[in-house]
Amino acid sequence: MILTEFEIYYLQWPSAIRIQGKDSGLASSLWDTKKWNDQLFVAGSAGVFQEDKQESLYQNKLFRRLNWTNMEAWFLLPINERQTLLAESHKLYLVEVDNKETKTLAISEIIYPREIIRSRYNPNLFYIITELDTQLLYREGENWQLKPLSPQRANSIIEEKPGSILMTVKGGGFYQMKLDIKTGEVLEKTEISLGFNFDDAAANGYSLLSTNNKQLYAYDSQVVYELKRGQSPQPVFIELLSELKGEEINLIQQAKDGWLYGSTAFKLFYQDSEGTWQVIDMRPYLQGIIDRIRIVDDEVKVLSNGILITYLRSTETIQQPIEYSLRMTKIELKLHNNKEKLLEINPAQVIAFDKGDLTLVFTFALNDLKNHEKNLYRFKLQGESEEWSDFTNSGKIQISNLAIGEYSLKIQAKDSNNRLFDMPVYRFIVSPPWYLTRQAKLIWGVLSILIFVGLFQVLIKWREKIHEAQKQDFKKIINEKTQELKKANANLQKIAHLDGLTGLSNRFYLDEYINNLIKARVDNIVVLMMDMDHFKQFNDKFGHLAGDELLKLMAQYLQQSINCSEDVVARYGGEEFLAILINKDISYAQNIAKIISQLIENKEKDVSVSIGICRSKSETDLTSIDAIYHLIDMADQALYQAKNTGRNKIIVCD
């Protein structure tokens, strides 16, 4: 049983699985992991994290967030010891380490880069797969050039030989392309589905896999084919598909050592050196579904929502017969002053305590952890009853208000196979409190008579006066400290959640706000993505101070136009703003957008704003962080359309 600050996992031991999550410093959805200069890096929606080899918690390596980007990080591709490419939410960056100083340089204005593939034949040529299309990135010295490869997003790209690639695209299409290997210029593009007798490839959009021995496979979510020119596709890996039991295949790749591996939404699978398929159900460890898998050294890295799972392919778990036993795990005495005292777990020792407002708590468990939900328990408290209690799944007994006397506690467990397990008997004695002993009663009687005669009333009044004064002082101190804490917390909350320039909410607050939206179960939301047109030219012409004042003015107009307490307006990044309207329709959002557009427009200074609008269509759009961020991406695409069709426009997504 693996216990962390946030989760509990059950693992067979010895285990091939290591789990790193929130307790290791990771957060949000994780999309890629790479090793660079013997350091492990992880990219996700909260940025880039680096594993710190010097720090660990319970033998679990910790991660620290790097300042490479404040946006989502989708893909990392190390290109040498000093440089790595980073596909960020909206741009492509070159990250360079020089004398332990890290520099991040935007090398392309490419929109929505998601995956980078380096050419095997030209180390300066890269294939860039974006959300919208596929492009070529060519490096010549310190200069980078971007060239179009396909107007569609590639499913897969395979380099057959220098200057010749195979490519499948989203929505269907199977192409062969000839390139100038030195410059990346596209010389020829041919649709080749028929050359493989693969008529339905254009309709289904398969992914390609080329193995080390030059075998070519095409696969979609349900089937895998081996492809040979001039021959009909042949279904393969039938035994794997049977093991997956209808789960859809997301990815199949080959590691450097020749092992094939891949994943579904919940399962990891690989073909070992003997050709046998191994399928591992990852559901007990995931928080959501498998987003990506990567091979790092001899380890399979499974990336999910806030979780990095490492599977050691070379580890062999040895299953040995397990002898189960019923064990006491904690004995706790709860005192009348709300304090707790842990007692020694020793059945040979008799537990003794005074009668009073006390509770004795026994916690126990059958160590069959795999079937712990099926384990049942009962007990018999001799001295109070000779009958066994009913079986329940609770591994805890609370005993209180016992009469003075001696007791024996017997506990039994029943496993999923109806086998009974006993544990040693625990004995305890309840003694009368000190004030009920014979000697105490005699002394108390004498003192009571003496005090009652002369001092009882005086003593009571004096104690009440002192108590009242102490209570008032204590209340005053509590009130003062409470107000100080409230002010400090409010200031910290404001600093953490507000953008320093505009005073609007920032990206960190947006994540918290979206979490609250999901909990609130609102009916619908409308997302407005807004971007200042020609902002770079405005900065160049009037200066950065004027640009800052323009952003502040935009923030002021947004706060004037959107003032509902449930709605949020945030600075999304740079000159880009975002608004989320709760339970509003599209026409209301369009009116708000028009007002904002009219307020900010200044034709003399060429100032305007482009706006993309997207509204949730069903309750499923509002059930997860990823679903709401998908709406934000849809609004962003509508904004991108407004930019491309002339700017100073309002576009509503389909």
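These remarks concern the structure in this document. (Residues numbered from 1 in each chain as written. Predicted model: local features only at pLDDT ≥ 70, side-chain atom pairs only at ≥ 80, totals over all residues. Heavy atoms only, no water.)

Okay, the pairing of strand β26 (residues 267-271) next. Counting buried residues along β26, 5 of its 5 residues qualify, which places the element largely inside the surrounding structure. Residues K267, F269 and Q271 line one face of β26 and the alternating positions L268 and Y270 line the opposite face, and both faces are buried. Looking at chain direction, strand β25 (residues 260-263) and β26 are connected through 4 bridges and run antiparallel. Residue pairing across strands places S263 opposite L268, the latter belonging to β26. In textbook terms, the turn of a hairpin is the stretch between consecutive antiparallel strands, and for β25 and β26 this stretch comprises 3 residues. Relative to strand β27 (residues 277-281), β26 is paired through 5 bridges, and the arrangement is antiparallel. Pairing of Q271 across the sheet is with W277, part of β27. What sits between the antiparallel neighbours β26 and β27 is a turn of 5 residues, in which G275 has the positive phi angle 85°. (Buried < 20%, exposed > 50% of the residue type's maximum accessible area, 1.4 Å probe, protein only. Helix = DSSP H or I, 4+ residues; strand = E, 2+ residues; numbered from the N terminus. Pairing = 2+ DSSP bridges.)

What follows deals with the nonpolar core. Ranked by size, the top nonpolar core spans 33 residues in total, and within it V224, F237, L268, M282, V302, I309 and Y311 carry the most contacts. Broken down by element, this core gets its largest block of residues, 3 residues, from β26. Other than its neighbours up to four places away in sequence, V302 contacts L268, M282, I290, R292, I293, I307, L308 and I309. With 27 residues, the next largest nonpolar core counts V526, A555, I592 and V607 among its residues. (Core = buried A, V, L, I, M, F, W, Y, C linked by side-chain atoms within 4.5 Å. Contact = heavy atoms within 4.5 Å.)

The geometry of helix α7 (residues 544-561) relative to helix α8 (residues 586-600) is characterised by a closest axis approach of 10 Å and an angle of 145° between their N-to-C directions. The handedness of the crossing between α7 and α8 is right-handed. Two secondary-structure elements touch here, α7 through L550, L553, M554, Y557, L558 and S561 and α8 through I592, I595, I596, L599 and I600. Tallied by class, residues from the contact of α7 with α8 come to 10 nonpolar, 1 polar and no charged. (Axes fitted to C-alpha atoms, helices over the stretch in contact; angles between N-to-C directions. Left-handed = near helix turned anticlockwise from the far one by under 90°. Nonpolar A, V, L, I, M, F, W, Y, C, P; charged D, E, K, R; others polar.)

So far we have only geometry, and geometry alone does not tell us how the molecule works.
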